[in-house]
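Residue-level listing of the chains:
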Amino acid sequence: MNLQMIFAGFGGQGVLLMGQLIAYAGMLSGKEVSWMPAYGPEMRGGSANCSVVVSDEPVGSPKVEDADVVVAMNKPSMAAFEKSVVPGGLLIYNSSLIDDKPKRADIRAVPVPVSEISSELGSPKVANMVMLGAVAKLTGAFSAEELVDALRHKLGSAKEGMMQMNREAIDRGMAVAEG
Amino acid sequence: MAAPAIYGRPKFLTDAPFHYCPGCTHGIVHRLIAEVLGEKFEQDEVIGVAPVGCAVFAYNYFNCDMFEAAHGRAPAVATGIKRAQPDKIVFTYQGDGDLASIGMAETVHAAARGENITIIFINNGIYGMTGGQMAPTTLIGEKTSTSPFGRTAAANGNPIHVSEMLATLNGPSLIARVSVHDVKNVLNAKKLIAKAFQNQADGKGFSLIEVLSTCPTNWGKSPLEALQFVSERMIPEYPLGTLKEV
Amino acid sequence: MNRQMMKGNEAIAEAAVQAGCRFFFGYPITPQNEIPEYMSRRLVEVGGQFVQAESEVAAINMVYGAAGTGARSMTSSSSPGISLKQEGISYIAGAELPCVIVNIVRGGPGLGSIQPAQSDYYQATRGGGHGDYRMPVYAPASVQEAVELTQRAFDVADKYRTPVMILGDGIIGQMMEPVTMPEYTAPAFDRSWAATGWKEGCGRERAVINSLYIQPDVLEKHVNKLARKYAAISENETMVEELYMDDAEYAVVAYGTTARIALTAVRRAREDGVKVGLIRPVTVWPFPEKAIEDAAGRVKGMLAVEMSLGQMIDDVRLAARDRCPVRFYGRTGGIVPGVREIHAAIHAMKEEL
């Protein structure tokens, strides 16, 4: 495996956490991983993005330019990173906030209405977990259990109360991606 | 009749002869510090920091572990020492260029932190070691090699009153200005230097004693004239007294 | 030991604490703020001291004070702040004190940018401050390596009584990677030189922590002594990694983050059939001259890749001794050279040479 991913959106959408959880899940399954956030002026206007690499080999560049997977949580992110997807790669986008259609025909674009789903679940905060479930499913990289483990690892036992909701969100994301 | 007092070399001074010019009061202040330290502490309880300036070789004179600091940085160096060796008495000995010009930030912030150190600040209103240039404490009208027509506020700025300024801070436990131009004042200076070191031993925090001092060589005066200059010209600008005591 | 995801800056700080560093003096500047932030809470737990200094100048002088007592001490900053620390670094080298200085490099000159850069190479490897001195400089390429090199830096600092620099960049500082904290035990070092309180008959000389030698002949003797120390460091402490160099016809030379980006490019070029390898200086001072010189005798050309307009390339050329041509590719200003660009530069070198 050598999965190069970019997660992008605006601050508060949990974009950096999504990337970290994928990296954690990779680490917990014995892979080599890196997580590199954009910082400083790249984050101007409240946008956030990070590069994640999950690989069987030691990671080369931690900054992803040719992404197997781009996750776009808002419109500016899709505009900025659609071009970074390798031909045949995957663009997963938040269709709750992005009404444009991706322009490229040589990639696989999957809309996921994460805001609607998370609202149905009763917590808009878990939109990123819905997306994470979809990402895991579409890439086939991780199971729901592995993501929940990663979440536990990252957040610690103090947040155990939130696990059920997060698990539901991940499951819904996976189900949507399948359908 | 009481036995005559016999003076010897304090244990906190080495055998090295001072290099200071005739009539310079650095030697008096060195001796006062050494006497106070000897009366209160063992040699291994004290670590000193020498400045850049005429007292740069103070590490040859004070008979305890010593540091030589970069110009103005003695309060920062002393902070590092005190944090690593909190049980030691840590002092710096600094002139006006060192403390009030290039090292003003280090001085003010060590004071504001209430860093538990003692600073002996020698104010003679001139850069001695480099040959008599204007200091931040040079008096208005005073001629130096870089204010050859006499210092003016318009051309050279105003003298800085370090003790008054530091006394506005919450950190310090003792800020006082003393002089060593006559016996009475020398004795008083020793009293305040002793108090400053005692404060540190008692954990009271930052103390600074400003000592009005002479520089006959660069002032172009005889030793006697220099002492008169302190009492007649410097004290009116820099009044003696305790400016802050907690 | 557990593998933990750690941000580079925090991993460096934790590695220092586990190496026995108990005194940290710093000042905020991006992109290294996680180091002082981490130290401000972590050192409290282990009975150490953290001071947010009034300036980088003050911070390095606080290090001078603490290091002079023999305590493991550290400061960190980023490029403009490291410029301010040069005064203290020179004094620390002159006074022969051990300490570790972390530079998480950002773009320059001047205020520059806050993005990753390698444009402080000259400053780091040529001493940076005034006077005849050298300073070991480690350039980690991963968070794990940053941890290991930070701990090694403390040992080398103590062994040779010298300041040691960790030269990272915004990527090393900001990225997260899995880290396994090594089981670290500090070797025993002679610290009888340290100023910890002296009295007559205590069994050692009175300590004077000092870099002033007013007599030229005495200073010359002192600087010659330092030079012998630097020669020993060059002899014993040079570190370099060579990858795909066995059959290489071309070599990319890069350090730190750039080296791992270059490694991806090298692998791609290998897939295209180009016999190219990577030489990665781990210490940039001492520079791995021998490895470069040996390789220069075997390859058709070398490509120095840097996040600057070319600073390390001077060392590559000096070491290569004209045995092969040396080409350059770099980006600057806080722009990270991409895999595609380096890959293209490798092909361009192959076409030309």
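Above this note sits the structure.
The structure presented is a predicted model; accordingly, all values stated were derived computationally and were not measured. (Residues numbered from 1 in each chain as written. Chains lettered and ligands numbered in written order. Predicted model: local features only at pLDDT ≥ 70, side-chain atom pairs only at ≥ 80, totals over all residues. Heavy atoms only, no water.)

### Quick notes on the overall build of chain A
Working step 1: Within chain A one finds six helices and six strands.
Working step 2: Summarising its shape, the C-alpha atoms of chain A cover approximately 40 × 40 × 35 Å along the three principal directions.
Working step 3: Taken across its 179 residues, chain A has 53% of its residues classed as buried.
Working step 4: Counting contacts in chain A only where the partners sit at least 6 residues apart, residues at least 24 apart contribute 56% of the total.
Working step 5: For chain A, the exposed area adds up to about 7,300 Å²; of that, 53% sits on carbon and sulfur atoms.
Working step 6: In chain A, which carries 16 positive and 20 negative side-chain charges, the distance between the mean positions of the two groups comes to 5 Å. (Helix = DSSP H or I, 4+ residues; strand = E, 2+ residues; numbered from the N terminus. Buried < 20%, exposed > 50% of the residue type's maximum accessible area, 1.4 Å probe, protein only. Contact = heavy atoms within 4.5 Å. Areas by Shrake-Rupley, 256 points an atom, 1.4 Å probe, with all protein chains shown as cover. Lys, Arg positive; Asp, Glu negative; His and termini not counted. Charge placed at Lys NZ, Arg CZ, Asp CG, Glu CD.)

### Comments concerning the side chain of Asn 116 of chain B
Residue and element names in this part refer to chain B.
Working step 1: In this fold, Asn 116 is placed in the loop between helix H5 (104–113) and strand S4 (118–123).
Working step 2: Among the residues examined, Asn 116 registers a relative accessible area of 17% and is labelled buried.
Working step 3: A polar side-chain atom of Asn 116 sits 3.0 Å from the main-chain amide nitrogen of Gly 205.
Working step 4: Leaving out residues up to four positions away in the same chain, Asn 116 has contacts with Lys 82, Asn 199, Gln 200, Gly 203, Lys 204, Gly 205 and Phe 206. (Polar contact = N/O pair within 3.5 Å; in protein donor to acceptor, adjacent residues only side chain to side chain.)

### Description of the side chain of Lys 229 of chain C
Working step 1: With respect to the helices and strands, Lys 229 of chain C occurs in helix H8 (residues 216–237).
Working step 2: By relative accessible area, which is 11% here, Lys 229 of chain C ends up buried.

### Describing the interface of chain A and chain C
Working step 1: Counting residues at the interface gives 26 residues for chain A and 25 residues for chain C.
Working step 2: With both sides pooled, the region where chain A packs onto chain C buries about 2,100 Å², and carbon together with sulfur makes up 56% of that total.
Working step 3: A per-residue breakdown of the area chain A buries against chain C is headed by Met 27, Tyr 39 and Glu 65 of chain A, which together make up 29% of the total.
Working step 4: At the boundary of chain A with chain C, the tally comes to four salt bridges.
Working step 5: The interface formed by chain A and chain C includes eleven residue pairs in polar contact (both at pLDDT 80 or more).
Working step 6: Of all elements in the fold, only helix H1 (15–28) and strand S2 (32–37) of chain A reach the threshold of two or more residues within the side of chain A that touches chain C.
Working step 7: Of the residues contributing to the side of chain A that touches chain C, the split by class is twelve nonpolar, seven polar and seven charged. (Buried area = accessible area lost by both parts, 1.4 Å probe. Salt bridge = Lys/Arg side-chain N within 4 Å of Asp/Glu carboxyl O. Nonpolar A, V, L, I, M, F, W, Y, C, P; charged D, E, K, R; others polar.)

### Observations concerning the packing of helix H1 (residues 26–40) of chain B against helix H8 (residues 183–201) of chain B
Residue and element names in this part refer to chain B.
Working step 1: In contact at an axis separation of 9 Å, H1 and H8 are set at 50° when each is read in the N-to-C sense. Taken together, H1 and H8 sit at an angle that is classed as oblique. Of the two possible hands of crossing, H1 and H8 adopt the one that is right-handed. Contact with H1, carried on its side by Ile 28, Leu 32, Ile 33, Glu 35, Val 36, Leu 37, Glu 39 and Lys 40, involves Val 186, Ala 189, Lys 190, Ile 193, Ala 194, Phe 197 and Gln 198 of H8 and no other residues of that element.
Working step 2: Looking at the contact of H1 with H8 residue by residue, the class counts come to ten nonpolar, one polar and four charged. (Axes fitted to C-alpha atoms, helices over the stretch in contact; angles between N-to-C directions. Parallel < 35°, antiparallel > 145°, perpendicular 65-115°, else oblique. Left-handed = near helix turned anticlockwise from the far one by under 90°.)

### Things to note about the interface of chain B and chain C
Accessible area lost upon the coming together of the parts serves often as the stated size of an interface.
Working step 1: If you look at the interface, chain B gives 33 residues, while chain C gives 34 residues.
Working step 2: When chain B packs against chain C, close to 2,700 Å² is buried across both sides, 57% of that on carbon and sulfur atoms.
Working step 3: The largest per-residue losses of area from chain B upon contact with chain C belong to Asp 65, Phe 67 and Arg 83 of chain B, which jointly make up 22% of the total buried on that side.
Working step 4: Across the pair Glu 54 of chain C and Arg 113 of chain B runs a salt bridge, and its minimum N-O distance is 2.9 Å.
Working step 5: Viewed at the interface, chain C and chain B are joined by 18 residue pairs in polar contact (both at pLDDT 80 or more).
Working step 6: Secondary structure elements with two or more residues in the side of chain B that touches chain C: helix H2 (58–61), strand S2 (65–68), helix H3 (74–84) and H5 of chain B.
Working step 7: With seven residues, H3 of chain B is the largest single contributor of residues to the side of chain B that touches chain C.
Working step 8: Strand direction decides the pairing type here: S2 of chain B and strand S9 (residues 208–209) of chain C, joined by two bridges, are parallel. When the sheet's bridge partners are listed, Phe 67 of chain B is paired in S9 of chain C with Ile 209 of chain C. (Pairing = 2+ DSSP bridges.)

### Considerations on empty space enclosed by the protein
Residues and elements named next belong to chain C.
Working step 1: Counted under the stated rule, the structure contains two cavities of 30 Å³ or more.
Working step 2: The space that makes up the largest cavity amounts to roughly 60 Å³.
Working step 3: Lining the largest cavity are 13 residues, with Gln 118, Leu 167, Gly 168, Asp 169 and Tyr 255 positioned closest to its centre.
Working step 4: Secondary-structure elements contributing two or more residues to the lining of the largest cavity are strand S7 (163–169) and helix H9 (256–271).
Working step 5: Ranked by residues supplied to the lining of the largest cavity, first place goes to S7 with three residues.
Working step 6: Taken together, the residues of the lining of the largest cavity sort by class into seven nonpolar, four polar and two charged.
Working step 7: Each of domain 1 (3–190 + 225–237) and domain 2 (241–352) gives at least three residues to the lining of the largest cavity.
Working step 8: One number sums up the size of the second largest cavity: a volume of about 30 Å³.
Working step 9: Every residue along the wall of the second largest cavity is listed here: Gly 70, Ala 71, Arg 72, Ser 73, Pro 98, Cys 99, Phe 154, Ala 157 and Asp 158. (1 Å grid on protein atoms, 1.4 Å probe; cavity = no way out; pocket = protein on both sides within 12 Å on 5 of 7 lines; lining within 4 Å. Points joined across faces, edges and corners; volume = space filled by probe spheres on them. Domains from an automatic or database assignment.)

### Overview of the pattern of salt bridges
Working step 1: Tallied over the full model, the rule gives 47 salt bridges over all chains.
Working step 2: In this structure, Arg 327 of chain C engages Glu 352 of chain C in a salt bridge whose closest nitrogen and oxygen atoms are separated by 2.5 Å. Within this pair, whereas Arg 327 of chain C is found in strand S15 (residues 326–330), its partner Glu 352 of chain C is found in helix H12 (residues 339–352), the two being separated by 25 residues in sequence.
Working step 3: One network of salt bridges, in which partners are shared, links Glu 65 and Asp 66 of chain A together with Arg 268 and Arg 340 of chain C.

### Examining the packing of aromatic side chains
All names here are of chain B.
Working step 1: Under the defined criterion, the tally for this structure stands at twelve aromatic pairs over all chains.
Working step 2: Ring centres of Phe 62 and Tyr 93 lie 6.2 Å apart, and the angle between their planes is 55°; on these two criteria the pair is classed as tilted. Placement of the pair is Phe 62 in the loop between H2 and S2 and Tyr 93 in strand S3 (residues 89–95), with a sequence separation of 31 residues.
Working step 3: Judged by relative accessible area, which is 0%, Phe 62 ranks as buried.
Working step 4: Taken together, the ring pairs connect Phe 62, Phe 91, Tyr 93 and Phe 197 into an aromatic cluster. (Phe/Tyr/Trp six-rings, centres within 6.5 Å; stacked < 30°, edge-to-face > 60°.)

### Comments concerning the sheet that holds strand S1 (residues 46–50) of chain B
Working step 1: The eight strands are arranged S9(B)-S7(B)-S8(B)-S4(B)-S3(B)-S1(B)-S2(B)-S9(C) in an open sheet whose pairing can be described as mixed. The open sheet has two free edges, formed respectively by strand S9 (241–245) of chain B together with S9 of chain C, since each of these has just one partner strand.
Working step 2: Note that S1 of chain B and S2 of chain B share four bridges and pair parallel. Looking across to S2 of chain B, one finds that Gly 48 of chain B is bridged to Met 66 of chain B.
Working step 3: Each of S1, S3, S4 and strand S8 (207–212) of chain B is contacted by H1 of chain B, which is oriented at about 175° to S3 of chain B, the strand it contacts most.
Working step 4: Contacts from helix H3 (residues 56–68) of chain C reach S2 of chain B together with S9 of chain C, with the element oriented near 155° to S2 of chain B.

### Comments concerning the nonpolar core
Working step 1: Met 74, Met 302 and Ile 346 of chain C are the most contacted members of the largest nonpolar core, which has 147 residues in total.
Working step 2: Sort the elements by how many residues they give to this core and helix H6 (residues 143–160) of chain C lands first, with nine residues.
Working step 3: When residues of this core are assigned to domains, at least three fall in each of domain 1 (3–190 + 225–237) and domain 2 (241–352) of chain C.
Working step 4: Setting aside residues no more than four positions away along its own chain, Met 302 of chain C makes contact with Ala 251, Val 253, Ile 279, Ile 292, Ala 295, Ala 296, Val 316, Cys 324, Pro 325, Val 326, Arg 327 and Met 349 of chain C.
Working step 5: Core analysis: the second largest hydrophobic core is formed by 50 residues, Val 69, Leu 132 and Val 135 of chain A together with Met 176 of chain C among them. (Core = buried A, V, L, I, M, F, W, Y, C linked by side-chain atoms within 4.5 Å.)

### Some remarks on the sheet that holds strand S14 (residues 301–306) of chain C
Note: strands within a sheet are paired through backbone hydrogen bonds, in either parallel or antiparallel orientation.
Residues and elements named next belong to chain C.
Working step 1: The sheet built from five strands is open, its strands ordered S10-S12-S11-S14-S15 with mixed pairing. A single partner strand is all that each edge strand has here, and the edge strands are strand S10 (240–243) and S15. Pairs of neighbouring strands in the sheet enclose a mean axial angle of 20°, with direction left out of account.
Working step 2: Pairing between S14 and S15: five bridges, direction parallel.

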